[in-house]
Amino acid sequence: MSLGPVMLDLEGTALDAEERELLRHPLVGGLILFSRNFESPEQLADLLAQVHAVRSPRLLVAVDHEGGRVQRFRNGFTRLPPVRVLGDIYERDRGRARRLAEACGWIMASELRAVGVDFSFAPVLDMDRGISQVIGDRAFHRDPEIVADLAHAYMVGMRRAGMAATGKHFPGHGAVEADSHHALPIDERRFADIQDDLVPFERMIHQGMAAVMPAHVLFPNVDKHPAGFSPFWLREVLRKRLGFQGIIFSDDLSMEGAGIAGDHVARAEAALKAGCDMVLVCNDRPSAVAVLDGLRWESDPVLHARLARMHGRHPVTWSELHRDATWRQAVHAVASLAEDPTLELDF
């Protein structure tokens, strides 16, 4: 059975009979995890062993695990700083910032791989313009070249641990105040004024970034559709002009910013038609079931090849990782950020 274009979630820390059946549905290709699915590294590894046994090829398993405010798994995992800390260091010591960015990417990815997670939706390539609270310190910096430089180092670390990178939120969420979880953000800039936002994406694409997640942001002076539902943004700009050949994941279709496209089936159809390869339907089981019942989709061999790049590599066990001297050194280096008196970190 090939992987389908829908990514679902689970309700708790164990897999029940209904969820096993849902994960076997031919339209399902992935699973996204949340904090409610986590009690301990051991419990999570057991849960994902069950998930991976549901079908072959095994489902993709993803999570939002950036560090700072957005880190789904805490107890037992290394507490990672928000990546803006790396941008602050970059202003004083570029070499140190790059090394720490690579260490953060490697720690994040190696710990997730050790419990069976394929990839994290990271890194954030938005710029911190001081406008968007939902982005804020999730962004490396306000300068697109610094964002690109640190994101590349972060991706190198992820790659060493066997994890592909997903850049988000294309073409940029940092210039709007509204949070797309609760409203549709509207960015009034013209296309010529958005070029800086595209720089980190362009750099990372040329450096081999495997996946992109578009934003639920509307740019009315560029296109009438929000970016995640826009053939212009996804097919013309991302694929054609920037040359991206990897996977395009939609952002969560249950977010208010996606509501402009209609009900969940209409949202999924619109996102796939616009150019997304896989759509996320989270935190709304009835709507997820409706999408699986109502979505019409034809299998695509090209999509299967793209999805294969997202499966994690180089797995090690949790105990093996903790015996690794490289892991201990990297954790020490990242933990030392909290000891820097010039930084105000909230761990």
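Residues numbered from 1 in each chain as written. Predicted model: local features only at pLDDT ≥ 70, side-chain atom pairs only at ≥ 80, totals over all residues. Heavy atoms only, no water.

Caption draft 1: Spotlight on the packing of aromatic side chains. For the structure on display, the rule yields 14 aromatic pairs. Look at F191 and W233: their rings are 5.7 Å apart centre to centre, the planes differ by 45°, and that puts the pair in the tilted class. On the criterion of sequence distance, the pair formed by F191 in the loop between strand 7 (166-170) and helix 6 (195-206) and W233 in helix 7 (residues 231-241) is long-range, its members being 42 residues apart. Relative accessible area serves as the criterion here: at 0%, W233 is assigned to the buried category. With centroids separated by 5.7 Å and ring planes inclined at 70°, the aromatic side chains of F232 and W233 adopt a geometry described as edge-to-face. (Phe/Tyr/Trp six-rings, centres within 6.5 Å; stacked < 30°, edge-to-face > 60°. Helix = DSSP H or I, 4+ residues; strand = E, 2+ residues; numbered from the N terminus. Buried < 20%, exposed > 50% of the residue type's maximum accessible area, 1.4 Å probe, protein only.)

Caption draft 2: Representation of the pairing of strand 3 (residues 60-63) in the model. Burial along strand 3 is two-sided: L60 and A62 and V61 and V63, pointing in opposite directions, are all buried. Bridge count for strand 2 (residues 28-33) against strand 3 is four bridges, and the pairing is parallel. By the bridge assignment, L33 is partnered in strand 3 with V63. A crossover connection joins strand 2 to the parallel strand 3 through helix 2 (residues 41-52); in handedness this β-α-β unit is right-handed. Across two bridges, the pairing between strand 3 and strand 6 (residues 119-120) is parallel. Note that in strand 6 the partner of V63 across the bridge is S120. (Pairing = 2+ DSSP bridges. Right-handed = clockwise from strand over helix to strand, strands pointing away.)

Caption draft 3: Spotlight on the packing of helix 4 (residues 94-115) against helix 12 (residues 325-335). Taken N-terminus to C-terminus, the directions of helix 4 and helix 12 make an angle of 125°; their axes are 9 Å apart at the nearest point. Considering their axes alone, helix 4 and helix 12 lie oblique with respect to each other. The hand of the helix 4/helix 12 crossing is left-handed. Facing L100, A103, C104, W106, I107, S110 and E111 of helix 4, the residues of helix 12 in contact are T326, W327, A330, V331, A333 and V334. Its residues assigned to classes, the contact of helix 4 with helix 12 comprises 10 nonpolar, two polar and one charged. (Axes fitted to C-alpha atoms, helices over the stretch in contact; angles between N-to-C directions. Parallel < 35°, antiparallel > 145°, perpendicular 65-115°, else oblique. Left-handed = near helix turned anticlockwise from the far one by under 90°. Contact = heavy atoms within 4.5 Å. Nonpolar A, V, L, I, M, F, W, Y, C, P; charged D, E, K, R; others polar.)

Caption draft 4: The arrangement of the confidence of the model for the protein chain in detail. For the protein chain, mean pLDDT is 92; residues scoring 70 or higher make up 95% of the total. Note on residues 339-347: pLDDT under 50 across the span, and 15 contacts to partners over four residues away in sequence or across chains. (pLDDT = per-residue confidence, 0-100.)

Caption draft 5: Structural view of the sheet that holds strand 10 (residues 278-280). In spatial order, the strands read 6-3-2-1-10-9-8-7; together these eight strands make up an open sheet with parallel pairing. Two strands bound the open sheet, and with one partner strand each, they are strand 6 and strand 7. Helix 7 contacts strand 7, strand 8 (211-214) and strand 9 (247-252) of the sheet and is inclined by roughly 130° relative to strand 7.

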